Amino acid sequence: MTQDTPAALDVAVLLPCYNEAQTIGAVVTGFKASLPGARIYVYDNNSTDGTALRALLAGATVVRERRQGKGNVVRRMFSDIDADIYVMADGDGTYAPQDAQQLIDTLLSERADMVVGTRRGVHADAGRQGHAFGNRIFNILYRKLFGTDFTDIFSGYRVFSRRFAKSFPALSGGFEIETEMSVHVSRLKLPVCEIELDYGRRPEGSHSKLSTFRDGSKILWMFAMLMKETRPFTFFGAISGAIMLASLCFMTPVLTEYFETGLVTRLPTWVLSMALMMVSFLVFAAGLILDSLARARSEQLRMHYMTLPANAWMLVEHTHGQLVSGDKPEQPDVAA
């Protein structure tokens, strides 16, 4: 390790890649120079341009993940690799490897479970203006729905503790995995930090894999699903309120006529409004029940997180980059 990182710590650099042959060699070389003692893994997600070969030649351990999508890759990485600290970045060269040490130092000094490298200048170069606009809108929406822990939920440059990696369920399949990570942290109230870092531009000829509308719709759907799973009372309460509003809209003219004439001439409308009102009450009751279940699930996730042993670096003082007491437990290596 470098002078700033305790030599006893086991650091794994995880690089999910899909058709990044143009940049992956430089990224691996950069991390080898920045974190000399770290193990570097490139997870190739069905690339067709020689990404795996370039990564091997640069000195990384290459693992293939056949299920397409970044979420599938992250799930596999966290399952396969055992380390004290996990550094995750993209293979497109937009994140500077030399910033990894600062992220690790913050994880150690703040005793955090995740440190996010927020992207300085992301709105100036997010591939296309649609990406930048969507990034801003989704970050605002996240803070309204799930909390104010993050300002850049889509950053791919993150450092994790072992307890986070081994307790994160990772259910997403694609680029929405960063959103799921953020919600997991907010839901269990895990310690997290953010550091603003420079965000680079892709080199000439390298193209973003994001689709503004397709991936944007997936992320929006993920927001809805995470709301349903983590805040069901709010989710179903909103649906119940919308149905009740529709019921009142149908009911009002019928009631107005009844109070004026004593007659109900639009009986089907009245029946429909009452049916909608009953459905509204049922949805509201379902939200109450599911909210109790969601709280129980959060408690179980938290208890599982607490059963994982704290890494040795969490039990010692991190002073001048030296491990002053305690030893890191021996970790098994992982074969590619």
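Residue positions are counted from 1 within each chain, in the order its sequence is given. Since the coordinates come from a predicted model, pLDDT governs what is reported: local features require at least 70, and pairs of side-chain atoms require 80 or more to be given and counted, while whole-chain, interface and lining totals use all residues. Computation of side-chain values covers all heavy atoms of the structure but excludes hydrogens and water.

**Student:** What's the story with the environment of Arg-266 in this structure? I'm lost.
**Tutor:** A run of H or I in DSSP counts as a helix once it spans at least four residues, and a run of E counts as a strand once it spans at least two, with each numbered from the N terminus. Take Arg-266: it is sitting in the loop between α9 (232–261) and α10 (267–307). The spacing of Arg-266 and Pro-253 is 13 residues in sequence and 9.3 Å in space, taken between C-alpha atoms. Those residues in contact with Arg-266, other than ones at most four positions away along the chain, are Pro-253, Val-254 and Glu-257. By definition in these notes, contact holds between two residues if any of their heavy atoms fall within 4.5 Å.

**Student:** Can you walk me through the packing of aromatic side chains in this structure?
**Tutor:** Here a ring pair, both rings aromatic, is described through the centre-centre distance and the interplanar angle of the planes. Each aromatic pair joins two rings of Phe, Tyr and Trp (for Trp, the six-membered one) with centres within 6.5 Å, and gets the label stacked for planes under 30 degrees apart, edge-to-face for over 60, and tilted for any other angle. The final tally for this structure, using the stated rule, is 17 aromatic pairs. Summarising the aromatic geometry, the rings of Phe-233 and Phe-284 are spaced 5.6 Å apart at their centres and angled 65° between planes, so their arrangement reads as edge-to-face. One end of the pair, Phe-233, is in helix α9; the other, Phe-284, is in helix α10, with 51 residues separating them in the sequence. Note on Phe-284: relative accessible area 38%, which makes it partly exposed. Among the aromatic residues, those joined into a cluster by ring pairs are Phe-138, Tyr-142, Phe-146, Phe-150, Phe-154 and Phe-223. Geometrically, a charge over a ring is one whose NZ (Lys) or CZ (Arg) sits within 6 Å of the ring centre while staying within 35 degrees of the ring normal. The ring of Tyr-199 is capped by Arg-119, whose NZ or CZ atom sits 5.4 Å from the centre of that ring. When the ring centre of Tyr-305 is taken as reference, the NZ or CZ atom of Arg-163 above it lies at 4.5 Å. Summary of the burial criterion: residues with accessible area below 20% of their type's maximum are buried, those above 50% are exposed, and those between are partly exposed, where the area comes from a 1.4 Å probe applied to protein chains only.

**Student:** Teacher, can you tell me more about the nonpolar core here?
**Tutor:** Here is a general trend for soluble globular proteins: nonpolar side chains tend to be buried in one another's company. Leu-14, Phe-78, Phe-160, Phe-164 and Met-181 are the most contacted members of the largest nonpolar core, which has 42 residues in total. Beyond its immediate stretch of four places on either side in the chain, Leu-14 contacts Tyr-41, Met-77, Phe-78, Ile-81, Tyr-86, Val-87, Met-88 and Ala-89. Here, nonpolar core means buried Ala, Val, Leu, Ile, Met, Phe, Trp, Tyr and Cys residues that are tied together by side-chain atoms lying within 4.5 Å of each other. Core analysis: the second largest hydrophobic core is formed by 35 residues, Leu-9, Ala-112, Val-115 and Leu-197 among them.

**Student:** I would appreciate a short explanation of the sheet that holds strand β1 (residues 11–17) in the present structure.
**Tutor:** Remark on secondary structure: sheet strands pair via backbone hydrogen bonds, oriented parallel or antiparallel. Two strands are said to pair when DSSP picks up at least two bridges between them. Reading across from one edge, β3-β2-β1-β4-β6-β5-β7 is the order of the 7 strands in this open sheet, with mixed pairing throughout. Edge positions in the sheet fall to β3 (61–64) and β7 (192–198), since each of these pairs with one other strand and no more. Recorded for the sheet is a direction-independent mean angle of 20° between the axes of neighbouring strands. As paired strands, strand β5 (residues 114–120) and β7 are joined by 7 bridges and run parallel to one another. The partner of Arg-119 across the bridge, within β7, is Leu-197. Contacts from helix α2 (residues 51–58) reach β1, β2 (39–44) and β3 within the one sheet, and its direction differs from that of β3 by about 155°. Along the sheet, helix α4 (residues 100–110) contacts β1, β4 (85–88), β5, β6 (158–161) and β7; its crossing angle with β7, the most-contacted strand, is approximately 160°. For helices, the fitted axis covers only the stretch in contact; all axes are lines through C-alpha atoms, and the angles between them, taken along N-to-C directions, range from 0 to 180 degrees.

**Student:** Even after reading the chapter, I still don't get the pattern of salt bridges, so can you show me in this structure?
**Tutor:** We count a salt bridge whenever a side-chain nitrogen from Lys or Arg sits within 4 Å of a carboxyl oxygen from Asp or Glu. Taken as a whole, this structure holds 11 salt bridges when the rule is applied. It is possible to trace a salt-bridge network through shared partners that takes in Glu-65, Arg-76 and Asp-80.

**Student:** What exactly am I supposed to notice about the pairing of β1 here?
**Tutor:** Most of β1 is tucked away: 7 of the 7 residues are buried. Both β1 and β4 contribute to a ladder of 4 bridges, which runs parallel. Bridged to Val-11 within β4 is Ile-85. One ladder, built from 6 bridges, connects β1 with β2; its direction is parallel. Along β2, the bridge assignment pairs Ala-12 with Arg-39. Convention used here: a crossover is right-handed provided that the path from the first strand, over the helix, to the second strand proceeds clockwise when the strands point away from the viewer. The β-α-β motif built from β1, the intervening helix α1 (residues 21–34) and the parallel element β2 has right-handed crossover chirality.

**Student:** Honestly, the pairing of β6 in this entry has me stumped. Any pointers?
**Tutor:** Side-chain positions along a regular strand alternate between the two faces of the sheet. Burial along β6 is two-sided: the residues Arg-158 and Phe-160 and Val-159 and Ser-161 are all buried. Of the pairings in the sheet, the one linking β4 to β6 comprises 4 bridges and is antiparallel in character. The partner of Ile-85 across the bridge, within β6, is Ser-161. The sheet contact formed by β5 and β6 spans 3 bridges and is antiparallel. Across the sheet, Met-114 pairs through a bridge with Phe-160, a residue of β6.

**Student:** Any chance you could explain the environment of Thr-179 here in plain terms?
**Tutor:** Mapped onto the fold, Thr-179 is located in helix α7 (residues 177–188). The contact partners of Thr-179, leaving out residues within four places of it in the chain, are Ile-153, Phe-154, Ile-219, Met-222, Phe-223 and Leu-226.

**Student:** Explain the environment of Leu-190 to me, please; I cannot follow it from the model alone.
**Tutor:** One can find Leu-190 in the loop between α7 and β7. By relative accessible area, Leu-190 is classed as buried at 6%. The spacing of Leu-190 and Ala-112 is 78 residues in sequence and 7.7 Å in space, taken between C-alpha atoms. In contact with Leu-190, other than residues within four places in its own chain, are Asp-113, Phe-164, His-184, Val-185, Arg-302 and Tyr-305.

**Student:** Can you help me understand the side chain of Ser-273 in this one?
**Tutor:** Topologically, Ser-273 is positioned in helix α10. Overall, the relative accessible area of 0% leaves Ser-273 in the buried class. Filtering out sequence-adjacent residues up to four positions away, Ser-273 remains in contact with Ser-247, Phe-250 and Met-251.

By themselves, these are just geometric observations and shouldn't be taken as functional.
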